[in-house]
Amino acid sequence: MTFAPPRTAVLALGTFAVGTSGYVVAGLLPALTGELAVSETAAAQLVTAFAIAYAVGSPLFAAVTGRWERRTLLVAALVVTAIGNALAALAPGYVTLLLARVVTAIGAAVFTPAASAVAAELTSPERRGRAVALVFGGLTIATILGVPLGSVLSQSVGYQAVFALVAAFSLLGAFAVRLVLPAVPAPPPVPFAERFTVAKDPRVLAMLGATVLGCLAAFSVYTFISPVLSATAGVHGTTVSLLLFVYGAGGALGNVLGGRATDRWGARGPLLIVFGGITVVLALLPLVATSVAGAAVILFLWGLATWSINPPIQHRLIELSKQNAGLVLSLNASAIYLGVGLSGLVGGAVLSGGGPLLLPEIAAVLTALGAAVVVVGWRSRVRQPALAD
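The shown structure was predicted, so the numbers you read here are calculated from the model rather than taken from an experiment.

Rules of the game
Residues numbered from 1 in each chain as written. Predicted model: local features only at pLDDT ≥ 70, side-chain atom pairs only at ≥ 80, totals over all residues. Heavy atoms only, no water. Helix = DSSP H or I, 4+ residues; strand = E, 2+ residues; numbered from the N terminus. Buried < 20%, exposed > 50% of the residue type's maximum accessible area, 1.4 Å probe, protein only. Contact = heavy atoms within 4.5 Å. Expected span 1.5 Å × (residues − 1). Bend = angle between axes of the 7 residues up to and from the residue. Axes fitted to C-alpha atoms, helices over the stretch in contact; angles between N-to-C directions. Parallel < 35°, antiparallel > 145°, perpendicular 65-115°, else oblique. Left-handed = near helix turned anticlockwise from the far one by under 90°. Nonpolar A, V, L, I, M, F, W, Y, C, P; charged D, E, K, R; others polar. Phe/Tyr/Trp six-rings, centres within 6.5 Å; stacked < 30°, edge-to-face > 60°. Lys NZ or Arg CZ within 6 Å of the ring centre and 35° of its normal. Core = buried A, V, L, I, M, F, W, Y, C linked by side-chain atoms within 4.5 Å. Domains from an automatic or database assignment. Salt bridge = Lys/Arg side-chain N within 4 Å of Asp/Glu carboxyl O. Patch = residues over 30% accessible without salt bridge, like charges linked within 9 Å, V, L, I, M, F, W, Y side chains within 5 Å. Areas by Shrake-Rupley, 256 points an atom, 1.4 Å probe, with all protein chains shown as cover.

Draft legend 1. Structural context of the overall build of the chain. Across its full length, the chain carries 14 helices and zero strands. Starting at the N terminus, the α and β elements of the chain follow one another as α-α-α-α-α-α-α-α-α-α-α-α-α-α. Buried residues in the chain amount to 59% of all 389 residues. Here the contacts in the chain between residues at least 6 apart in sequence split such that 86% fall between residues at least 24 apart.

Structure below.
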């Protein structure tokens, strides 16, 4: 099928909305701790609630909605995301805000893997890496614009207004998808019992494990970036927001380069290079980010490396399970948010027990483990009949 950039663009618009929904708490952390009168660790559990609901909901709702026409499914998912953000804007306290985050996560859990699968279907195999990268570019733009803008706005209008704006943008995304995307038939039905057989392949498990470790490492630092930068460079408020823009700019470039590198050289080489690069950058972060200039350089490099991971991992998963691409991508989406969810717990524990400067060092160890998992998984030659290679 002919590659259609406008169609891919509206899918990226949707991932921007759900990405901002998921990541914006990192930028709102100071406002949340002040307005809700909770600790940074408690506020970070709003990330955990979203992520765990996403991780559990992605494969379950992929099964429940397996026969839905894809455009209808994508529109419905964005509407649910909008409802969750609207509830967050109206939530009177911490507990109700947690529940609103769960609702938001359900919409995001349905949208992201379905959008990736549709993008892969609407393009030719040799450009699939770039197509998936463009869709995930919406998540990158969420870190470039959504999170830092949310951080800036929360300082003047409060976190509730930020959630309301994200709700409105989610509705805009739903309208754009309905207007631009053609009707896309549902994939062939797969019995529920067979939906998790793709995960029996150790090569698939390796990619999912690498995803968990990469996201755990990234968000253990990113969620607590305000206290980390306060400890290293002594910066706060608007300066942190500007540095988040720099991180996001690196992420945007990394996402594009990751897709192009995957299309040219395959997934293995880019994955190992990227995991190695992230390990080095995180290990150096406390030493380099001692000034605004140093923080800008290291955050740009960190974003560049971190957001290069998604295209090769997803390309590899589709390669391993072409007939069940939507299913395996939903599992990868669960792995992403399992890592994000664990980051709130692990990062909070490290922050409380060892302080913010220990966070990047622990994260560097996790990414080194991720590289090892990729190597071990690639050496496996076990093939399962349910998988199409």
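Once you've had a look at it, read on.
Draft legend 2. Representation of helix H7 (residues 202–222) within the structure. Here H7 spans 30 Å end to end across 21 residues, near enough to the 30 Å set by a 1.5 Å rise per residue. Where burial is concerned, most of H7 is hidden: 18 out of the 21 residues are buried.

Draft legend 3. Expanded view of helix H10 (residues 268–288). Between the first and last C-alpha of H10 there are 29 Å, a value that for 21 residues agrees with the 30 Å anticipated at 1.5 Å per step. A bend of about 25° at Leu-282 is the largest found in H10, and the proline Pro-286 appears one to four places after it. Three or more residues of H10 are buried, namely Pro-270, Leu-271, Val-274, Phe-275, Ile-278, Thr-279, Val-281, Leu-282, Leu-285 and Pro-286. Packed against the buried residues of H10 are H7, helix H8 (225–232), helix H9 (237–265), helix H11 (292–306), helix H12 (310–320) and helix H14 (358–379).

Draft legend 4. Broad picture of the packing of helix H2 (residues 40–64) against helix H4 (residues 94–121). The contact between H2 and H4 brings their axes to 7 Å, and the two run at 40°. Judged by the inter-axis angle, H2 sits oblique to H4. With respect to the hand of their crossing, H2 and H4 are arranged in right-handed fashion. Its residues placed into classes, the contact of H2 with H4 shows 17 nonpolar, five polar and one charged.

Draft legend 5. A look at the packing of helix H3 (residues 70–90) against H4. Two elements in contact, H3 and H4, have axes separated by 8 Å at closest approach and are oriented at 155°. In terms of axis orientation, H3 runs roughly antiparallel to H4. The handedness of the crossing between H3 and H4 is left-handed. Where H3 approaches H4, its residues Arg-70, Leu-73, Leu-74, Ala-77, Leu-78, Val-80, Thr-81, Gly-84, Asn-85, Leu-87 and Ala-88 are matched on the opposing element by Leu-97, Ala-100, Val-103, Thr-104, Gly-107, Ala-108, Val-110, Phe-111, Ala-114, Ala-115 and Val-118. Looking at the contact of H3 with H4 residue by residue, the classes come out as 16 nonpolar, five polar and one charged.

Draft legend 6. Local environment of the environment of Ala-115. Relative to the elements of secondary structure, Ala-115 occurs in helix H4. Overall, the relative accessible area of 0% leaves Ala-115 in the buried class. Residues Ala-115 and Arg-71, spaced 44 residues apart in sequence, show a C-alpha to C-alpha distance of 9.2 Å. Discounting residues that sit within four places of it in the chain, Ala-115 has contacts with Leu-11, Thr-15, Leu-74 and Val-135.

Draft legend 7. Representation of unusual backbone geometry within the structure. In this structure, Ala-37 takes a positive phi of about 55° despite not being glycine. As for its position among the elements, Ala-37 is in the loop between helix H1 (5–36) and H2. On the basis of relative accessibility, which here comes to 69%, the residue Ala-37 falls in the exposed class.

Draft legend 8. Up close: the packing of aromatic side chains. Evaluation of the coordinates by the stated rule reveals nine aromatic pairs. Ring geometry for Phe-219 versus Tyr-222: centroids 5.7 Å apart, planes at 80°, classification edge-to-face. With Phe-219 and Tyr-222 both in helix H7, this residue pair falls three residues apart, about one helical turn. For Tyr-222, a relative accessible area of 2% gives the class buried. Through a chain of ring-to-ring contacts, three or more aromatic side chains come together here, namely Tyr-23, Phe-219, Tyr-222, Tyr-247, Trp-302 and Trp-307. For Arg-316, the ring lying beneath its charged end belongs to Trp-378, and the centroid distance is 4.0 Å.

Draft legend 9. A look at the nonpolar core. Counting residues in each nonpolar core, the largest one holds 111 residues, and the members touching the most others are Leu-32, Leu-74, Leu-97 and Trp-302. Taken together, domain 1 (1–189) and domain 2 (191–381) each give at least three residues to this core, which thus spans both. If we skip the residues at most four places from it in the chain, Leu-97 touches Leu-32, Leu-36, Leu-46, Ala-88, Ala-91, Tyr-159 and Phe-163.

Draft legend 10. Broad picture of the pattern of salt bridges. Scanning the model with the defined rule gives two salt bridges in all. The closest approach of N and O atoms between Asp-201 and Arg-203, which form a salt bridge, is 2.5 Å. Under the relative-accessibility criterion, Asp-201 is labelled buried at 0%. Judged by its relative accessible area of 6%, Arg-203 is buried.

Draft legend 11. Quick peek at a nonpolar patch on the surface. On the surface, Ile-52, Val-56, Leu-60, Phe-61, Val-64 and Leu-338 cluster together into a nonpolar patch covering about 470 Å² of accessible area. With five residues, the top contributor of residues to the nonpolar patch is H2. Within the secondary structure layout, Ile-52 lies in helix H2.

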